[in-house]
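So you can see what is in the structure, the chains are spelled out below.
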Amino acid sequence: MWNKLRARPPEPSRELAASLADLERLSARRPELKSPASALGRVLSAVFSLPPVLNAPYPAKSQDAEFLNTLWGMDEPVFLTLKPEFSEEDLRLRARRILKVLEPENPSAKPLSRAQIDWKAWAGSTLLGDPGGFEHHILSQDLDANLARSILRLTLLPVLSACTTALDALRPSAVRGSENCPCCGQPPLFAESRGLEGNRFLRCGLCAAEWPAPRLGCMRCGETSTRALNTLSVEGDEAGARLVRCETCGFGLKVLPTFARLSAPGLLVSELATVHLDFL
């Protein structure tokens, strides 16, 4: 766990292979997603075929479980205090690999690939919750800021997921966390209703962290009344992914049934597979 991430082997190929196979099945089942699934498959292959790289071990041995638990107990995102030391070369390489596979179908990709962007500094400011200066710089160059934000997220996901896998192993189950990610502070991408028991785990779309959540009730306000919690699903797929919306505070969250923890590339596949719920 304490070895340098640069010394670790690449993410197990079975996880990437499984995600690509899931994309193929998704395309066959839902032809309207064939094109975005194909693009996502190329992106996954480009970014997850590289091993995660940091300039220092994460977390360091001196940052033991007791100190980490103190941060979690204060509801403090770990990355605000214990910042990963990104490799500028690694992040730039990942970003360019992603942009290269997108160039044939996205005219905004090539200008962004040629632009001088400090991906390491932008990544650091994003974890601190203050990316505005870099986004203004991108807009001032007449570049596609939305695409740039997506590239940054995809670039960071393999690296941060290696960090959060180590952190998740150190966090006791009693530390439930809040609505937002205990590692980076981002709101959850969706919740997994995992296994036969249906235990609920929130998942982060930026760093792939997981943290437990109550099976019943709103994560934001604690509402437990079934009258206030509306469940929306696609007709004919009531046992599949659904959107749970709290009428008390307006918080909505996608809930996906899973057999086991989704891998980092699996999160992206599931995000595409449930995109229709975003319009409910």
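Residues numbered from 1 in each chain as written. Predicted model: local features only at pLDDT ≥ 70, side-chain atom pairs only at ≥ 80, totals over all residues. Heavy atoms only, no water.

1. A word on the environment of Ser87
- Along the polypeptide, Ser87 turns up in the loop between helix 4 (78-81) and helix 5 (88-102).
- Under the relative-accessibility criterion, Ser87 is labelled buried at 10%.
- C-alpha of Ser87 to C-alpha of Leu160: the two residues are 73 residues apart in sequence and 12 Å apart in space.
- Aside from chain neighbours lying at most four places away, what touches Ser87 is Val53 and Asn55.
- Only 3.2 Å separates the side chain of Ser87 from the backbone nitrogen of Asp90, close enough to count as a polar contact. (Helix = DSSP H or I, 4+ residues; strand = E, 2+ residues; numbered from the N terminus. Buried < 20%, exposed > 50% of the residue type's maximum accessible area, 1.4 Å probe, protein only. Contact = heavy atoms within 4.5 Å. Polar contact = N/O pair within 3.5 Å; in protein donor to acceptor, adjacent residues only side chain to side chain.)

2. Let's talk about the nonpolar core
- One finds Phe79, Phe86, Ile151 and Cys207 to be the most contacted residues of the largest nonpolar core, which totals 79 residues.
- Per element, the largest residue contribution to this core is 13 residues, and it comes from helix 9 (residues 145-170).
- With near-sequence residues (within four places) excluded, Phe79 lies in contact with Tyr58, Pro84, Leu127, Leu160, Cys163, Thr164, Leu167, Cys183, Cys184 and Cys207. (Core = buried A, V, L, I, M, F, W, Y, C linked by side-chain atoms within 4.5 Å.)

3. Some points on the side chain of Glu192
- The topology assignment puts Glu192 in strand 1 (residues 188-194).
- A distance of 3.4 Å separates the side chain of Glu192 from the backbone nitrogen of Leu262, its partner in a polar contact.
- If sequence neighbours within four positions are ignored, Glu192 has contacts with Asn199, Arg200, Phe201, Arg203, Leu256, Thr258, Ala260, Arg261 and Leu262.

4. Considering unusual backbone geometry
- A cis amide bond, omega -10°, links Tyr58 with the succeeding residue Pro59.
- In this fold, Pro59 is placed in the loop between helix 2 (34-47) and helix 3 (65-73).
- Of note in the backbone geometry, Asp142 takes a positive phi value of approximately 60° without being a glycine.
- Its place among the elements puts Asp142 in the loop between helix 8 (132-140) and helix 9.
- Classification of Asp142 by relative accessible area gives exposed; the value is 72%.

5. Thoughts on helix 5
- Between its first and last C-alpha atoms helix 5 spans 21 Å; for 15 residues at 1.5 Å apiece the expected length is 21 Å, and the two agree.
- Of all the residues in helix 5, the buried ones are Asp90, Leu91, Arg94, Ala95, Ile98, Leu99 and Leu102. For helix 5, the buried positions fall inside an angular range of 160° around the axis, keeping them on one side. Facing away from the buried side of helix 5, by more than 90 degrees, are the exposed residues Glu89 and Lys100. (Expected span 1.5 Å × (residues − 1). Arc of directions from axis to C-beta.)

6. Considering the sheet that holds strand 5 (residues 242-246)
- Here we have six strands laid out as an open sheet, ordered 3-2-1-6-5-4, and mixed in their pairing. The strands lining the two open edges of the sheet, one partner per strand, are strand 3 (210-213) and strand 4 (229-232). Between one strand axis and the next, the sheet turns by 30° as a mean value, whatever way the strands run.
- Judged from the four bridges that link them, strand 1 and strand 6 (residues 252-258) form a sheet pairing that is parallel. Paired with Glu192 across the bridge in strand 6 is Leu256.
- Together, strand 1, strand 2 (199-204) and strand 6 form the strand contacts of helix 10 (residues 264-273), whose direction differs from that of strand 1 by roughly 95°. (Pairing = 2+ DSSP bridges. Axes fitted to C-alpha atoms, helices over the stretch in contact; angles between N-to-C directions.)

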